[in-house]
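Overview (structure and organization)
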Amino acid sequence: MDLRRSAWIGSVLWACAAGESGPATPGVDVGVRSGDGGSGPANGQDGGATPGSDVGQQGGDEPLDPWSWGPAYGARIHPNGDLEVRVLAPQATRIELALFRRALFEPDRLRIAMQKEGDVHHLRITKAQLVSAELTEPYLYGLRAFGPNWPFEDSWAPGSGRGFRSDVDGDGNRMNPNKVLLDPYALEVSHDPSNLQHQDQSVFDTGAEHRNRDSGPYVPKGVAFRMTPPPPVGPARPFKDEIIYEVHLKGLTGSDPTVPEAERGTYAGAARRARYLRELGVTAVEFLPLHETPNDQNELSAEAQGDNYWGYYSLSFFAPDRRYAADRGLGGPTRELQQLVAAFHAEGLKVYVDVVYNHAAEGGAARERSKLLSWRGLDNAAYYQLGNDPAGYIDNNGVGPNLNFTSKLTQTMVLSSLRYWHQVLGVDGFRFDLATVLGNRCERGCFEYEREGFLRRIAEEVPGRAVEGGGGVDLIAEPWALGFGTYQVGNFPAGWSEWNDQFRETIRRDLNRLGVEAVRPRDLMLRLSGSPDIYEGGGRPPAASVNFVVAHDGSTLHDLFSYAGRNNGQSWPCGPSDGGASDERQWDHQGDPALQRRGARTALALELLAAGVPMILGGDEMLRTQLGNNNAYNLDSSCSWFDWSRLEAQAAFYHFSRELFAFRSNHPALRPERFWRWSDADGDGRNQVTWTRDDGQRADDGYLDDPNNHLLGFLLDGDELGDQPGLYVVYNGWSGGLNVRLPAPPEGTRWHLVADTGVEAEAYGNFHPPGEVLPFEGDQQWVEGRSLVIWVAR
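What counts, and at which threshold
- Residues numbered from 1 in each chain as written.
- Predicted model: local features only at pLDDT ≥ 70, side-chain atom pairs only at ≥ 80, totals over all residues.
- Heavy atoms only, no water.
- Phe/Tyr/Trp six-rings, centres within 6.5 Å; stacked < 30°, edge-to-face > 60°.
- Helix = DSSP H or I, 4+ residues; strand = E, 2+ residues; numbered from the N terminus.
- Buried < 20%, exposed > 50% of the residue type's maximum accessible area, 1.4 Å probe, protein only.
- Lys NZ or Arg CZ within 6 Å of the ring centre and 35° of its normal.
- 1 Å grid on protein atoms, 1.4 Å probe; cavity = no way out; pocket = protein on both sides within 12 Å on 5 of 7 lines; lining within 4 Å.
- Points joined across faces, edges and corners; volume = space filled by probe spheres on them.
- Nonpolar A, V, L, I, M, F, W, Y, C, P; charged D, E, K, R; others polar.
- Pairing = 2+ DSSP bridges.
- Axes fitted to C-alpha atoms, helices over the stretch in contact; angles between N-to-C directions.
- Contact = heavy atoms within 4.5 Å.
- Right-handed = clockwise from strand over helix to strand, strands pointing away.
- Core = buried A, V, L, I, M, F, W, Y, C linked by side-chain atoms within 4.5 Å.
- Disulfide = S-S within 2.5 Å.
- pLDDT = per-residue confidence, 0-100.
- Left-handed = near helix turned anticlockwise from the far one by under 90°.
- Salt bridge = Lys/Arg side-chain N within 4 Å of Asp/Glu carboxyl O.

Now for the packing of aromatic side chains. Per the stated rule, a full pass over the model turns up 34 aromatic pairs. Look at W691 and F714: their rings are 5.2 Å apart centre to centre, the planes differ by 45 degrees, and that puts the pair in the tilted class. With W691 in strand β19 (residues 689-692) and F714 in strand β20 (residues 711-717), this residue pair connects regions lying 23 residues apart in the sequence. With relative accessibility at 4%, the residue F714 sits in the buried group. By way of ring pairs, the aromatic residues F317, Y357, W375, F430, F432, Y449, F492 and W496 are connected into one cluster. Directly above the aromatic system of F152 lies the positively charged group of R94, at a separation of 3.8 Å from the ring centroid.

Attention shifts here to the layout of surface pockets. When its volume is computed, the largest pocket comes out at roughly 1000 Å³. What lines the largest pocket is a set of 39 residues, among which W310, H552, D553, N631 and Y633 lie closest to the centre. Looking at the lining of the largest pocket, its residues break down into 17 nonpolar, 13 polar and nine charged.

Now for the sheet that holds β20. The pairing of strands in a sheet comes from backbone hydrogen bonds and takes either a parallel or an antiparallel form. As summarised here, the arrangement of the five strands in space is β19-β20-β21-β25-β23, forming an open sheet in which the pairing is antiparallel. Only two strands of the sheet have a single partner each, and these edge strands are β19 and β23 (751-756). Between one strand axis and the next, the sheet turns through 20 degrees on average, direction left out of account. As defined by bridge partners, β20 adjoins strand β21 (residues 726-732) across seven bridges and the pair is classed as antiparallel. Note that in β21 the partner of D717 across the bridge is G726. Along the sheet, helix α10 (residues 521-528) contacts β19, β20 and β21; its crossing angle with β20, the most-contacted strand, is approximately 35 degrees.

We now examine helix α6 (residues 375-383). Most of α6 sits inside the fold, with nine of its nine residues counted as buried. Those residues of α6 lying buried are W375, R376, G377, L378, D379, N380, A381, A382 and Y383. Structurally, α6 contributes buried residues whose contacts are with β4 (83-88), β5 (94-100), β9 (139-146) and α7 (408-423).

So, on to the environment of R698. Within the secondary structure layout, R698 lies in the loop between β19 and α16 (701-704). On a C-alpha basis, the gap between R698 and F430 in space is 40 Å, while along the polypeptide they are 268 residues apart. Apart from the residues within four sequence positions on either side, R698 is in contact with T690, W691, T692 and R693.

Side chains of strand β14 (residues 429-432) alternate between two faces, with G429 and R431 and F430 and F432 buried alike. The pairing of strand β13 (residues 350-355) with β14 spans four bridges and is parallel. What sits directly across from V355, in β14, is F432. Bridge count between β14 and strand β15 (residues 474-477): four bridges; the pairing is parallel. Looking across to β15, one finds that G429 is bridged to D474. Taken together, β14, helix α8 (residues 454-461) and β15 form a β-α-β motif whose crossover is right-handed.

Further remarks concern empty space enclosed by the protein. All chains considered together, the criterion is met by six cavities of 30 Å³ or more. Approximately 140 Å³ is the volume found for the largest cavity. Of the residues in the lining of the largest cavity, the class split is eight nonpolar, six polar and two charged.

This part covers the nonpolar core. Among the nonpolar cores identified, the biggest contains 206 residues, and L83, L99, Y245, F287, F432 and I458 are the most heavily contacted of them. Setting aside residues no more than four positions away along its own chain, L99 makes contact with L83, D108, R109, L110, I125, L130, L135, Y139, L140 and Y141. Of all hydrophobic cores here, the second largest spans six residues; its members include L288, Y309, W310 and Y312.

Note on terminology: a disulfide is the covalent bond linking the sulfur atoms of two cysteines. One pass over the full model with this rule turns up two disulfides. Between the sulfur atoms of C442 and its disulfide mate C446 the distance is 1.9 Å. Between C442 and C446, the S-S dihedral sits near 105 degrees, and the bridge is therefore right-handed. By relative accessible area, which is 26% here, C446 ends up partly exposed. A sulfur-sulfur distance of 2.0 Å marks the disulfide that ties C574 to C639. Disulfide C574-C639: torsion about the S-S bond near 100 degrees, hence right-handed. With C574 in the loop between α12 (557-560) and α13 (593-609) and C639 in the loop between β18 (613-617) and α14 (646-649), the pair connects residues that are 65 residues apart, well separated along the chain. When sorted by exposure, C574 lands in the same class as C639, which is buried. Cysteine pairing for the protein chain, with bonded cysteines counted in sequence order: 1-2, 3-4.

For the rest of this paragraph, the subject is the confidence of the model for the protein chain. Averaged over every residue, the pLDDT of the protein chain is 91; the share at 70 or more is 92%. Throughout residues 1-60 the model reports pLDDT below 50, and contacts reaching past four residues in sequence, or to other chains, amount to 154 contacts.

All right, on to the packing of α7 against α8 then. Two numbers describe how α7 lies on α8: the axes approach to 11 Å, and their chain directions differ by 30 degrees. Where α7 crosses over α8, the handedness of that crossing is right-handed. Residue-level inspection shows Q411, V414, L415, L418 and R419 of α7 in contact with α8, the latter providing F454, R457, I458 and E461. Among the residues forming the contact of α7 with α8, the class breakdown is five nonpolar, one polar and three charged.

Spatial strand order, β3-β4-β8-β7: four strands in an open sheet with antiparallel pairing. Only two strands of the sheet have a single neighbouring strand rather than two, namely β3 (74-77) and β7 (115-117). Across the sheet, the mean angle separating the axes of adjacent strands is 20 degrees when strand polarity is ignored. Inspection of the sheet shows β4 paired to strand β8 (residues 120-125) by six bridges, in the antiparallel sense. Counterpart to E84 in the pairing with β8 is R124.

So, about unusual backbone geometry. With an omega dihedral of -15 degrees, the bond running from E137 to P138 counts as a cis peptide bond. Non-glycine residue E134 carries a positive phi angle of around 60 degrees. Structurally, the position occupied by E134 is in the loop between α1 (127-132) and β9. Classification of E134 as partly exposed rests on a relative accessible area of 44%. A positive phi angle, near 60 degrees, is found at S531, a position not held by glycine. Following the sequence through the fold, S531 ends up in the loop between α10 and α11 (532-535). A residue is classified by how much of its surface remains accessible, and S531, at 0% relative accessible area, is buried.

This brings us to the pattern of salt bridges. Overall, the coordinates contain 62 salt bridges when judged by the stated rule. For R323, the salt bridge goes to D636, with nearest N and O atoms at 2.7 Å. Here the residue R323 occupies a position in the loop between β12 (284-287) and α5 (332-346), and D636 occupies one in the loop between β18 and α14, the gap between them amounting to 313 residues. Judged by relative accessible area, D636 falls into the buried class, the value being 8%. Where R431 meets D354, a salt bridge forms, and the shortest distance between an N and an O atom there is 3.0 Å. Of this pair, R431 sits in strand β14 while D354 sits in strand β13, and the two are 77 residues apart along the sequence.

Structural data, given as structure tokens:
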């Protein structure tokens, strides 16, 4: 390729010689689809984003300052068509902006050295210059970085080794200008490193064999496009009032016959299910990761090998995954995700997203050979936690190097990402994968958890939503990682909630390990109370506990009670999958389907009746199964996607789930802002909560601490909790039935039996419809083993 040199606004300009770029090599064409109306917003309108640290607000047809949208770095198109790019890269001594006409198989069409001021490299290119290079909106771009280990030489050109000193130096720098880098702040990504057209990822590697290979024709490019206004602001409910539904976006509609085939497994397809989710009774939908992740290779073959289904491997922290869009044109994923959020908000649903900031998709590295896709090639030591040897890394996630959360660059990027997804894309909350890594205050070679450092900063600056509700976001931590000091359940700062694995394990032990593992009534009491032993001492509310029995990374609710162990070695489409917990405390309940359903109902009821915030796994309302696979991370298949025919086949369980969700939503006593008190605050002679035995009398310490006692009831004084006069729940964890005496109802009321999770109660659907709940005759009730009964006083 011939190059010509010219001066332009004080920078060195390199452009492909006109007419010498070669024929249009077949490749991925990700231009705007016909009929999309261009890359800009519908009707040519740009509205304003919610004011915040990164996002300003502009009125009119188009913002005068495109930087009023989104983060302070990245690429923007000005109203006059100019392209401006800003890159935060203190260690890079020179960055050249590379612009491309196509995403794959073509070299950069235009290459321009950016100006550096302080830590920021910036460049504004006029529309005329772009047109002369035959570049049109939306723009595809990347970055070529020079640094201490590879300083710039005037004679360097792509594919050259001029200026090379080392693949990694003593400070951990790994710059290589032959490796075009994805801008960490790119708002969309053109394609994945491995895709249907190109699978050789060695072109992104350094080391003697690969360092001089130009990755430009193959690397994922950033996309600069004109953004659309954010969706309407979401619900401001307090977090305590949520019922969370965890689900994979593609899995929700991947095989949904009610969704047009072209939209199945996409943002558009999920939007069509917003009403279903609202009618089910959930209030917040937590999607597995939506950040761009290398999953294009999933289409290469119908097998599990190499598939990345769950998406816990981010290629960008700003870009929505393109493969989840029905409109895969440039700008299409962003618009379609905003439309999904708008559809959910219209149904009163919050949208949460699982975010993976603890590691990134560049993977590990050897001393010389490493993969350069983005962060590593810009500032390796700032973005990643290095080992004591600067050529090595620290890994507390099991997938790749930790990100470095002592670094200003990493903290700025994560905060900007969260604000962008909230303020521009409209997301209402985030669940943080292996969140303790974000609290690591050790710069190199170790792990030291700090509760009040960056984690506190997130809650204050994004910001987190107040306990009483209002603006901001809901913050949910997975409060553990791998290695010493990473298990931090109960030790996150105010403003955060946490996945509570103590709730999960207590319920599983009691329902599936009777006679094998001892569970005291006190253990159950604490979990059903919102785990005050874990959270109250830190001044946090019951809503700090996200209660769950199953989640995506394990068995489904059906499989937990239908299999005696994992079944991960089966053939496609439900396997094979490596890993997975060897003992999830599953039990097949003697192979009896009725007992299996009872176990699932009781577990779900314990979760929904407990103080704290319940999270169910998507599809559990219809007893979705993965045939025993408890680690389906690599199954982009019908086994992971919802089988919607189960909605009819398991109609009884679906209706039970819906009634249970409605019961929780209708009873504020189950959603306390503060922990239930063992005292009488209103002088009616009844404690706010009373824990009972099978005879209806108060359970004393001796009873609560004896693991041979398997029945536990709790009576709530609804008057003190803004509810009906009384709610009474009895759980029998014993294998056989017990005759239970009810305590006296509040004065002037009678007990009404609402629900029973036992097998015999399947005759009426286990839940009495609200209009058919009749006064309970007598003061005793037979409660089946491993079942639960609910009464209300009226």
